[in-house]
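Coordinate inspection notes
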Protein chains: 4
Amino acid sequence: MSAQTKYGLIGSSGRLGSEVKNVFAENNFDLVFEFDVNGEKRSVAGEVPEVLIDCSLPEVFSKSVKYAIEFNVPFIIATTGLGGDQINELKKLALEVPVVQSYNYSIGIQILLKLTELANEKLAGWDVEICETHHRFKKDKPSGTAKMIKNIFGNREVNISSLRLGNIAGDHTVSFGGLGEVLSISHSATSRRTFAEGILNSAVFVKNKKNGFYSFSDVVFGK
Amino acid sequence: MSAQTKYGLIGSSGRLGSEVKNVFAENNFDLVFEFDVNGEKRSVAGEVPEVLIDCSLPEVFSKSVKYAIEFNVPFIIATTGLGGDQINELKKLALEVPVVQSYNYSIGIQILLKLTELANEKLAGWDVEICETHHRFKKDKPSGTAKMIKNIFGNREVNISSLRLGNIAGDHTVSFGGLGEVLSISHSATSRRTFAEGILNSAVFVKNKKNGFYSFSDVVFGK
Amino acid sequence: MSAQTKYGLIGSSGRLGSEVKNVFAENNFDLVFEFDVNGEKRSVAGEVPEVLIDCSLPEVFSKSVKYAIEFNVPFIIATTGLGGDQINELKKLALEVPVVQSYNYSIGIQILLKLTELANEKLAGWDVEICETHHRFKKDKPSGTAKMIKNIFGNREVNISSLRLGNIAGDHTVSFGGLGEVLSISHSATSRRTFAEGILNSAVFVKNKKNGFYSFSDVVFGK
Amino acid sequence: MSAQTKYGLIGSSGRLGSEVKNVFAENNFDLVFEFDVNGEKRSVAGEVPEVLIDCSLPEVFSKSVKYAIEFNVPFIIATTGLGGDQINELKKLALEVPVVQSYNYSIGIQILLKLTELANEKLAGWDVEICETHHRFKKDKPSGTAKMIKNIFGNREVNISSLRLGNIAGDHTVSFGGLGEVLSISHSATSRRTFAEGILNSAVFVKNKKNGFYSFSDVVFGK
């Protein structure tokens, strides 16, 4: 049986934080430090985390970085809506410890992006359509992920269709159409657990890494 | 073995006309009269059609009606782009013989429209999305069929997404989204043959009908 | 503002029970009586429920019926795996109060069944395929719902394809294929909430009903 | 304006042969030699093809090879159902001229196979499902292409679902399911034209190639 890895979690009471707790517990990770925006902090006496996860909000950012420096361990951050200054601060931190930063820790979306790139190289001249479906409460159209897909096609004009239906967590499809065939790559998120698994993979990835600034794409495809 | 039915076909050299010939031949119909926009006319000596089909263009319309009156038989017209005057002329003709008129003779689309009506009655308050995909050469957005679907929802604001991909003949999907489930009704046309089959069904439908003006919905669901 | 309806809930700590609590609270229902398999019971002093919901297990069945008789109110039961004796006991209870019994309170599935019936009437001779996808933990193939769909086609041989993928809650598709077109009706369950909403609809349905034994199909389509 | 390429076509009256004629004519290829199983042969006086295409049947095989040797030009063969001896004969021919041999000249299917390989490398441990849909006249289950997809997973047990519906030309989907997300890669053939385009690409590919035996995968991804 392999030894447990000790980890710390910032933003542990949020929806993503709760999923991280479940997934990490199932995978032989031991939670020894918790910090939450509500000011609650819990640490297991005498234990220091070997990796620190941040699933919190931009407001907590500076405190998170402070802890990463204090523990001097790999840092994985899933916080969305960071500003340019904060990204720069992470890059400075990455000179000391390995840092993984991404706005989307779904493995499947990383694969979809990679497959789309490859298909696009081979299917030049085919029509392209991007279609995304999300729950009715999502206000922005198109989704950030749909924009990431569109970026693959550079300056090319690519249509994005946005559907809003019930409480769908998030579906994305890229379709390539030639005269006589259609090739589609689709991703459907069915639960928040997928993001927690991406963070788990990132934690395994950074364990033996030296300092450096990594994206989740590096975790999935290597760097 | 049942007796053959004699039929006449206007616009017999067009793409839809050719499909009609195939489908009718397979179903015990005997072509005894042909007329084409190119001026070619062929009739089997001594034979009069028992039903007359028109798959031609608006330019031929008055000649088609002339033949329907001459033969005094049921008339099925698939010509698109008719004006109000021409529809009125058909209604006048319908006082004498049964007339079936539609812009879309796909049975599946008629079923989709009916199922959408029924679902809408039961799923008030659910989100609705319409999505249509057609070949890259289709210029108009959204498709006429998508508009027919939207009409079912009356004044309600319903989003239509239009995708243009390769040479897809025509796909339509209506989706209803509740908090926890999605119900979708989809139709995909895979060949022009489907329209020829709808015309065949119309020919069988009108055989024992009296005069009257019928839609293809009447053919499928009875009147 | 409309008055609140008082309701009781058996099996309130289960996964479905929790969803029922949320959905009912959002819809102006007031929980005045709770009973759970763990033996915990809670009732608001002086309050009697106007409708009683059972989301528990067969083991609790006789106790549930006892409470229904005691309160003498409409009874809605979602418990699965009931035996013939228990169904008979419910029918006896239905002589006194309205009873709604179903193994699946998803509105969308009821609609799918109805639409499939209608499509089948009109598409005789078309090919039929049923396809269902569920999470990898589901052992039985095909799903009970797929069998319900198949029953619509009577003795006809209809193929069911069963896919097992990740943690998909439950997708069902019936496809009708003619020569030139395909019509599909699809349902996708995205959360347990959908079943709670079906129970809510049942509660509204029975409020002014007399005694009688009802299915969830009666709730959706009237009886 | 670029110069025309002269080509020869064996099996020119078949369904695939007719599509090849259309696609090649649209792409600046000039048909100077035709041979058909019916014994008809046509050659433009004084012209020799620069590339020879075979879309015929195994019965014509030895005659096709004879012509390839006579013209001493690149040879592209789409004939299905070749035996081991015939493949060996092609490999011998490939010592003299470039030969492209494949049972499926759809570019999209080649891309699907490549994307599936890549996804599989990254999604080890995810569930896999293959689903194919073809017209009702297709007797074999599963399709040859579905088997090609399954081969990617080696000895792993992978379920293939086969649906038979109307006159669908051929749909294939590979789905990967994790706990929280599903990734799918789908291909839909909408017309025979797609295979003619693959043959066109092969003709362009071999033009400046030396002798050698190539697959259609080599054409799409390089060799």
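The structure presented is a predicted model; accordingly, all values stated were derived computationally and were not measured. (Residues numbered from 1 in each chain as written. Chains lettered and ligands numbered in written order. Predicted model: local features only at pLDDT ≥ 70, side-chain atom pairs only at ≥ 80, totals over all residues.)

1. Describing the confidence of the model for chain A
Mean pLDDT for chain A: 91, with 99% of residues reaching 70 or above. By mean pLDDT, strand 3 (residues 41-43) of chain A is the weakest element of chain A at 80, and strand 8 (residues 159-164) of chain A is the strongest at 98. (pLDDT = per-residue confidence, 0-100. Helix = DSSP H or I, 4+ residues; strand = E, 2+ residues; numbered from the N terminus.)

2. What about helix 6 (residues 193-206) of chain B?
Residue and element names in this part refer to chain B. In this model, helix 6 (14 residues) spans 20 Å end to end at C-alpha, consistent with the 20 Å of a helix rising 1.5 Å per residue. Most of helix 6 is tucked away, with 12 of its 14 residues classed as buried. All buried positions along helix 6 are accounted for by Arg193, Thr194, Phe195, Ala196, Glu197, Gly198, Ile199, Leu200, Ser202, Ala203, Phe205 and Val206. (Expected span 1.5 Å × (residues − 1). Buried ≥ 20, exposed ≤ 12 C-beta atoms within 10 Å, placed from the backbone.)

3. Here's the deal with the relation of the copies chain B and chain C
In the superposition of chain B on chain C (RMSD 0.1 Å, axial shift 0.0 Å), the rotation amounts to 179°. The superposition operator between the copies reduces to a two-fold rotation axis. By C-alpha distance to the rotation axis, the residue of chain B lying nearest is Ile185(B), at 2.3 Å. Comparing interface residues between copies, 100% of those in chain B also sit at the interface in chain C, which points to an isologous, same-surface contact. (Least-squares fit on C-alpha atoms with pLDDT ≥ 70 in both. Contact = placed C-beta atoms within 7 Å.)

4. Let's talk about the pairing of strand 2 (residues 29-35) of chain D
Residue and element names in this part refer to chain D. Of all 7 residues in strand 2, 5 are buried, a share of seventy percent or more. Once the chain exits strand 1 (residues 5-10) it traverses helix 1 (residues 15-26) before rejoining the sheet at strand 2, and the crossover so formed is right-handed. Where strand 2 meets strand 3 (residues 41-43), 3 bridges bridge the pair, whose relative direction is antiparallel. In the strand pairing of strand 3, phenylalanine 35 is matched with lysine 41. (Right-handed = clockwise from strand over helix to strand, strands pointing away. Pairing = 2+ DSSP bridges.)

5. Notes on the relation of the copies chain D and chain C
For the pair chain D and chain C, the relating rotation is 180°, the translation along its axis is 0.0 Å, and the fit reaches an RMSD of 0.1 Å. Both copies share a contact surface, since 100% of the interface residues of chain D are interface residues in chain C too.

6. Description of helix 1 (residues 15-26) of chain C
Residues and elements named next belong to chain C. With 12 residues, helix 1 extends 17 Å from end C-alpha to end C-alpha; this agrees with the ideal 16 Å at 1.5 Å per step. Considered for burial, the residues of helix 1 that qualify are Leu16, Gly17, Glu19, Val20, Lys21, Val23 and Phe24. Buried positions along helix 1 lie against strand 1 (5-10), strand 2 (29-35), strand 4 (51-54) and helix 6 (193-206). Remark: asparagine 28 follows helix 1 within two positions and exhibits a positive phi of approximately 70°.

7. What to know about the sheet that holds strand 6 (residues 98-101) of chain A
Residues and elements named next belong to chain A. Strand order across the open sheet formed by 7 strands is 3-2-1-4-5-6-11, with mixed pairing between neighbours. At either margin of the open sheet sits one strand with a lone partner, and together these are strand 3 and strand 11 (212-214). Each strand axis lies, on average, 25° off the axis of its neighbour in the sheet, ignoring direction. Across 4 bridges, the pairing between strand 1 (residues 5-10) and strand 4 (residues 51-54) is parallel. Across the sheet, residue tyrosine 7 finds its bridge partner in strand 4, namely valine 51. Against the sheet, helix 2 (residues 61-71) makes contact with strand 1, strand 2 (29-35), strand 4 and strand 5 (75-77), and its axis sits at roughly 175° relative to strand 4, the strand it touches most. (Axes fitted to C-alpha atoms, helices over the stretch in contact; angles between N-to-C directions.)

8. A look at the sheet that holds strand 4 of chain C
Residues and elements named next belong to chain C. Pairing is mixed across the open sheet formed by 7 strands, whose spatial order is 3-2-1-4-5-6-11. Looking at the sheet topology across the chains shown, the edges are occupied by strand 3 (41-43) and strand 11 (212-214). Sheet twist, expressed as the average angle between the axes of neighbouring strands with direction ignored, equals 25°.

9. A word on the pairing of strand 10 (residues 181-189) of chain D
Of all the 9 residues making up strand 10 of chain D, 8 are buried; the element is thus mostly covered by neighbouring parts of the structure. Here strand 10 (residues 181-189) of chain A pairs with strand 10 of chain D via 9 bridges, running antiparallel. When the sheet's bridge partners are listed, His187(A) is paired in strand 10 of chain D with Leu183(D). As paired strands, strand 9 (residues 171-178) of chain D and strand 10 of chain D are joined by 8 bridges and run antiparallel to one another. Bridge assignment links Gly178(D) to a residue of strand 10 of chain D, and that residue is Glu181(D). Between the end of strand 9 of chain D and the start of strand 10 of chain D, which pair antiparallel, lie 2 residues, with Gly180(D) showing a positive phi angle near 130°.

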